[in-house]
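Descriptive analysis of the structure
The lines below spell out each chain.
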Amino acid sequence: MGSPCEVQLFAADAELAKGASAVAVAEVERLEQLYSRYRANSFLSRINRVASAGGSIEVDSETGFLLDYADTCFRESGGLFDISSGILRRAWDFKTGKAATDAELAELLPLVGWDKVEWRSPTLRFPIAGMELDLGGVVKEYAVDRLAALLLDGGIERGFVNLGGDVRVIGPRPGGEPWSVGIRHHRVRDGVAALVELGNGALASSGDYERCIVIDGVHYGHILNPKTGKPVRELAAVSVIADLCLVAGSASTIAMLKDADGIEWLEQFGLPHRWTRVTGESGGSF
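All of the points below concern the structure found in this document. Just so it is clear, the model here is predicted, and its values are computed rather than measured.

1. Side note on the side chain of Glu27
Counting through the fold element by element, Glu27 comes out in helix α1 (residues 14–35). Among the polar contacts listed, one links the side chain of Glu27 to the side chain of Arg30, at a separation of 2.8 Å.

In structure tokens, the structure reads:
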């Protein structure tokens, strides 16, 4: 998942705990093998080879669910949540600190746009050659929910799943107390901005802290507006609580992408949330 992953669980005996843990690890590995863009043999890489050439491919029901969800997010966000925008990373290098040039963005932006892709389950068609998809904005959160469901099915009634800071709890701790979940500080490395107590449900966060470059004292994060190709500039971090991690994660990302309209959108969306502007001002409902 490209980040630290952790599962804590309480079980009636050691064998049950070992079995449930093994199932959780296997599920993460399965989803990595299917949807990692870093694996040449993943199904996502196979899709992108078709996209690059311009063609069509049939997908399975699980991939179809993820594409349907991404399509819903695209429409609900006004085209800002776009799984075809990953191609913009060719212009931005957050490891070396290289910013995109206008010329590079002008070359890549015509290849961005989920509405340019034809998706009619089970067929995915790319009329424009050179495009690519990146499911990183949904797969990690989907994996969190999958692990929670598998642990419950395996007899685990109390546990905690954390994949790169996107979490879901399975009931309260054994004493009945909630889990205490830290929200990462947007500027202090390894710092905690707030603690949230969760007895059930999920919490997911988006921010400009994970991968960023600093130019003339200004932070530029990795969350890119697919219409301009440039980083969002209004919000530094957003966290959302929901029943499903998939919903919490997409909501936090959409709020970031909406920039100046993000806070109002969060309030209208109605889920518990916390936001921090790039200026350091914080607010929200928790």
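2. Observations regarding the environment of Glu27
The class for Glu27 is buried, based on a relative accessible area of 6%. A sequence separation of 120 residues divides Glu27 from Leu147, and the C-alpha atoms of the two residues are 7.0 Å apart. With near-sequence residues (within four places) excluded, Glu27 lies in contact with Arg146, Leu147 and Leu150.

3. Description of the pattern of salt bridges
Counted under the stated rule, the structure contains 17 salt bridges. Linking Glu27 and Arg146 is a salt bridge whose minimum nitrogen-to-oxygen distance equals 2.9 Å. Of the two residues, Glu27 is situated in helix α1 and Arg146 in helix α5 (residues 136–153); the sequence distance between them amounts to 119 residues. One network of salt bridges, in which partners are shared, links Arg37, Arg89, Arg90, Glu132 and Asp134.

4. Details of α5
For α5, built from 18 residues, the straight-helix expectation of 26 Å at 1.5 Å per residue is met to within 8% by its first-to-last C-alpha distance of 26 Å. Structurally, α5 contributes buried residues whose contacts are with β1 (5–10), α1, α3 (61–76), β5 (158–163), β6 (166–170) and α6 (245–257). Note on α5: the residue one or two positions beyond its end, Gly155, has a positive phi of about 95°.

5. Here we look at empty space enclosed by the protein
For the structure shown, the criterion picks out one cavity of 30 Å³ or more. By volume, the largest cavity is sized at about 70 Å³. If you list the elements that add at least two residues to the lining of the largest cavity, you get β7 (179–184), β12 (235–242) and β13 (273–277). In terms of residue count, the dominant contributor to the lining of the largest cavity is β12 (three residues). Its residues assigned to classes, the lining of the largest cavity shows five nonpolar, four polar and two charged.

6. Re the sheet that holds strand β14 (residues 282–284)
The strand order β1-β5-β6-β9-β12-β13-β14 describes an open sheet built from seven strands, whose pairing is antiparallel. With partners counted over all chains shown, the strands left at the sheet margins are β1 and β14, one partner each. Geometrically, the sheet is characterised by an average inter-axis angle of 10° between neighbouring strands, direction not taken into account. Pairing between β1 and β5: six bridges, direction antiparallel. In the strand pairing of β5, Glu6 is matched with Asn162. Relative to the sheet, helix α7 (residues 262–269) contacts β12 and β13, its axis offset from that of β13 by approximately 175°.

Quick notes on the rules
Residues numbered from 1 in each chain as written. Predicted model: local features only at pLDDT ≥ 70, side-chain atom pairs only at ≥ 80, totals over all residues. Heavy atoms only, no water. Helix = DSSP H or I, 4+ residues; strand = E, 2+ residues; numbered from the N terminus. Polar contact = N/O pair within 3.5 Å; in protein donor to acceptor, adjacent residues only side chain to side chain. Buried < 20%, exposed > 50% of the residue type's maximum accessible area, 1.4 Å probe, protein only. Contact = heavy atoms within 4.5 Å. Salt bridge = Lys/Arg side-chain N within 4 Å of Asp/Glu carboxyl O. Expected span 1.5 Å × (residues − 1). 1 Å grid on protein atoms, 1.4 Å probe; cavity = no way out; pocket = protein on both sides within 12 Å on 5 of 7 lines; lining within 4 Å. Points joined across faces, edges and corners; volume = space filled by probe spheres on them. Nonpolar A, V, L, I, M, F, W, Y, C, P; charged D, E, K, R; others polar. Pairing = 2+ DSSP bridges. Axes fitted to C-alpha atoms, helices over the stretch in contact; angles between N-to-C directions.

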